[in-house]
Amino acid sequence: MAVLLRRGLAVVLHRVLEWGCHPALPASLLGARRTKKTWPVSFPQEELKKRLTPMQYHVTQERGTEGAFTGGFTHEDEGNYACVVCGAQLFSSNTKFDSGSGWPSFFDLVKEESVTVSDDFSHGIHRVETTCSQCGAHLGHLFDDGPRPTGRRYCINSASLAFQPKDGAEGGAASGPASDGKTEL
């Protein structure tokens, strides 16, 4: 009986890796993360649907991904990149680099505690998901193929970021990749 149980669990785990998820498995096996209710800052989903663009909502709240080379933030202006949901400071333009991936990439954070990382087993592969440590918004993923000095590449969706120019002239905290006024904090 124990052999059959182990064999059955192996088949289920194989399907999880192949298909990405299985609702009958405990969240701990699937790389669970904190729920929205446990983050220091939270917003009603109705408010976020009104304030964010459909793409920003999809990326930050549904763990989506914008297509490569479709987002904004190809500019090289000096400033900071904040979470589009809560405004927490995440990245500096001083650590932004062109990885060729089609998404904004950074080799370091403004503060180490500004981003939370967790295992992501979606799409049948293991990745390291990055989320805003204040509100839990999905940002993107972390890879270990970045430049020196950190060797890290934070591959981030433009839709999860708001750019704040150093001089404060272009839109402030509400400036997103395709800002239409919906991301005002």
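Structure: above.
Residues numbered from 1 in each chain as written. Predicted model: local features only at pLDDT ≥ 70, side-chain atom pairs only at ≥ 80, totals over all residues. Heavy atoms only, no water.

S.K.: Please clarify how the overall build of the protein chain should be interpreted in this entry.
M.R.: Secondary structure summary: the protein chain contains 3 helices and 9 strands in total. Listed N to C, the secondary structure of the protein chain is α-α-α-β-β-β-β-β-β-β-β-β in terms of helices and strands. Buried positions account for 41% of the 185 residues belonging to the protein chain. For the protein chain, the proportion of contacts with a sequence separation of at least 24, taken over those separated by at least 6, is 55%. Here the protein chain has roughly 10,300 Å² of accessible surface; of this, 56% comes from carbon and sulfur atoms. (Helix = DSSP H or I, 4+ residues; strand = E, 2+ residues; numbered from the N terminus. Buried < 20%, exposed > 50% of the residue type's maximum accessible area, 1.4 Å probe, protein only. Contact = heavy atoms within 4.5 Å. Areas by Shrake-Rupley, 256 points an atom, 1.4 Å probe, with all protein chains shown as cover.)

S.K.: Honestly, the nonpolar core in this entry has me stumped. Any pointers?
M.R.: Nonpolar side chains in soluble globular proteins tend to end up buried together. Ranked by size, the top nonpolar core spans 25 residues in total, and within it Cys 83, Val 85, Phe 91 and Leu 161 carry the most contacts. Looking at this core, the elements with two or more residues in it are β1 (79-83), β2 (89-92), β7 (138-143), β8 (153-156) and β9 (161-165). Broken down by element, this core gets its largest block of residues, 3 residues, from β9. (Core = buried A, V, L, I, M, F, W, Y, C linked by side-chain atoms within 4.5 Å.)

S.K.: Explain the pattern of salt bridges to me, please; I cannot follow it from the model alone.
M.R.: Where charged atoms of side chains with opposite charge meet at close range, the side chains can pair. Applying the stated criterion across every chain yields a total of 8 salt bridges. The shortest N-O distance in the salt bridge between Arg 63 and Glu 129 comes to 2.9 Å. Here Glu 129 lies in strand β6 (residues 127-132) and Arg 63 lies in the loop between α3 (54-62) and β1, a separation of 66 residues in the sequence. Under the relative-accessibility criterion, Glu 129 is labelled buried at 0%. Taken together, the shared-partner salt bridges connect Arg 63, Asp 120, Arg 127 and Glu 129 into one network. (Salt bridge = Lys/Arg side-chain N within 4 Å of Asp/Glu carboxyl O.)

S.K.: Would you explain the pairing of β2 in this entry?
M.R.: Each regular strand carries side chains that alternate between the two faces of the sheet. Of the strand pairs in this sheet, β1 and β2 are connected by 3 bridges, and their pairing is antiparallel. Bridged to Asn 80 within β2 is Ser 92. Between β1 and β2, which follow one another and run antiparallel, lie 5 residues, and Gly 87 among them has a positive phi close to 85 degrees. (Pairing = 2+ DSSP bridges.)

S.K.: Looking at this structure, I do not really get the sheet that holds strand β3 (residues 96-97). What am I missing?
M.R.: Paired through backbone hydrogen bonds, the strands of a sheet run either parallel or antiparallel to each other. The 6 strands lie next to each other as β3-β4-β8-β7-β6-β5, forming an open sheet whose pairing is antiparallel. Every interior strand has two partners, whereas the edge strands, β3 and β5 (115-120), have only one. Pairing of β3 with strand β4 (residues 105-106), which is carried by 2 bridges, proceeds in the antiparallel orientation. The partner of Lys 96 across the bridge, within β4, is Phe 106.

S.K.: How should the packing of aromatic side chains be read in this particular structure?
M.R.: In this description, an aromatic ring pair is defined by two values, namely the gap between the centres and the angle between the planes. Under the definition given, this model contains 6 aromatic pairs. Ring geometry for Phe 73 versus Tyr 81: centroids 5.3 Å apart, planes at 90 degrees, classification edge-to-face. Exposure remark for Tyr 81: the relative accessible area of 0% places this residue in the buried category. Considering the side-chain rings of Tyr 81 and Phe 163, the 4.9 Å spacing of their centres and the 50 degrees angle between planes classify their relative orientation as tilted. You can see Tyr 81 sitting in strand β1 and its partner Phe 163 sitting in strand β9, a full 82 residues away along the chain. Judged by relative accessible area, which is 2%, Phe 163 ranks as buried. In textbook terms, an aromatic cluster arises when at least three aromatic residues are bridged by ring pairs, as seen for Phe 73, Tyr 81, Phe 91, Phe 106, Tyr 154 and Phe 163. Lying over the aromatic face of Phe 43, Arg 51 brings its terminal NZ or CZ to 4.9 Å of the ring centre. (Phe/Tyr/Trp six-rings, centres within 6.5 Å; stacked < 30°, edge-to-face > 60°. Lys NZ or Arg CZ within 6 Å of the ring centre and 35° of its normal.)

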